[in-house]
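An overview of the molecular structure
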Amino acid sequence: MASLPVSYASASEPLKVGYVNTQRIFRDAPTAVKAAKKIEVEFSKRDQDLQRLAKQLQTLQESLEKNAVTMAEAERRSKEKDLNELSREFQRKQREFREDLNLRQNEENAAIIEKANKAIKQLAESEKYDLIVQDVVWVSPKLDVTEKIIKALSEGK
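Residues numbered from 1 in each chain as written. Predicted model: local features only at pLDDT ≥ 70, side-chain atom pairs only at ≥ 80, totals over all residues. Heavy atoms only, no water.

Structurally, Thr-22 can be placed in helix H2 (residues 22-28). Non-local contacts of Thr-22, meaning those with residues more than four positions away in its chain, are made with Ile-113, Gln-134 and Asp-135. (Helix = DSSP H or I, 4+ residues; strand = E, 2+ residues; numbered from the N terminus. Contact = heavy atoms within 4.5 Å.)

This part covers the pattern of salt bridges. Working definition: two side chains of opposite charge can pair if their charged atoms are close together. Counted under the stated rule, the structure contains 19 salt bridges. Linking Lys-38 and Glu-108 is a salt bridge whose minimum nitrogen-to-oxygen distance equals 3.5 Å. Of this pair, Lys-38 sits in helix H3 (residues 30-67) while Glu-108 sits in helix H4 (residues 73-126), placing them 70 residues apart in sequence. Looking at Lys-38, the relative accessible area reads 46%, which means it is partly exposed. Of the residues examined, Glu-108 reaches a relative accessible area of 14% and is grouped as buried. Its salt-bridge partner being Glu-42, residue Arg-104 comes within 2.9 Å of it at the nearest N-O pair. Of this pair, Arg-104 sits in helix H4 while Glu-42 sits in helix H3, placing them 62 residues apart in sequence. Its relative accessible area of 15% is what places Arg-104 among the buried residues. Each of Lys-38, Glu-42, Arg-104, Glu-107 and Glu-108 takes part in salt bridges that share partners, so that together they form one network. (Salt bridge = Lys/Arg side-chain N within 4 Å of Asp/Glu carboxyl O. Buried < 20%, exposed > 50% of the residue type's maximum accessible area, 1.4 Å probe, protein only.)

Turning our attention to the environment of Arg-98. Relative to the helices and strands, Arg-98 is located in helix H4. Arg-98 gets classed as partly exposed once you look at its relative accessible area, which sits at 45%. Counting along the chain gives 47 residues from Arg-98 to Val-145, while the straight-line C-alpha distance between them is 34 Å.

Their axes nearest at 9 Å, the elements H4 and helix H5 (residues 146-156) cross at an angle of 115°. When you trace H4 past H5, the crossing you get is right-handed. Of H5, the residues touching H4 (which contributes Lys-115, Ala-116, Ala-119, Ile-120 and Leu-123) are Lys-148, Ile-149, Ala-152 and Leu-153. In the contact of H4 with H5, the residues fall into seven nonpolar, no polar and two charged. (Axes fitted to C-alpha atoms, helices over the stretch in contact; angles between N-to-C directions. Left-handed = near helix turned anticlockwise from the far one by under 90°. Nonpolar A, V, L, I, M, F, W, Y, C, P; charged D, E, K, R; others polar.)

Take a look at the structure:
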């Protein structure tokens, strides 16, 4: 019976809920912007190499299509073989590029999420939140604490 007033008092306190928009953190947080630029710099040379290879492939294909009628059979087959080999090389390099890029993005995103989760926990403790959720279908804008988390991530650079 003595515990009844205590449980009643805690039940009458309003539940403090917050929401964090993870996509906005990935887009707007300084750490996320910095990570995106870092990845862009890291992969720019490979991307340029791929673009150059794609242009070479396109030029070879156009040349073959344009001159196939006037070429000797052996020369045409040789050019087709070169085109097929270059195409396979391009596809392989493109696949490796995408895989490496995705891996790096996932690594950076994991680090961002880890920092964001620490900031969320600190916010929850300092402002006495009972619940902070992410990735919901709909939320009232008054519950959105994303800006506070982005600010905390900015200060923590």
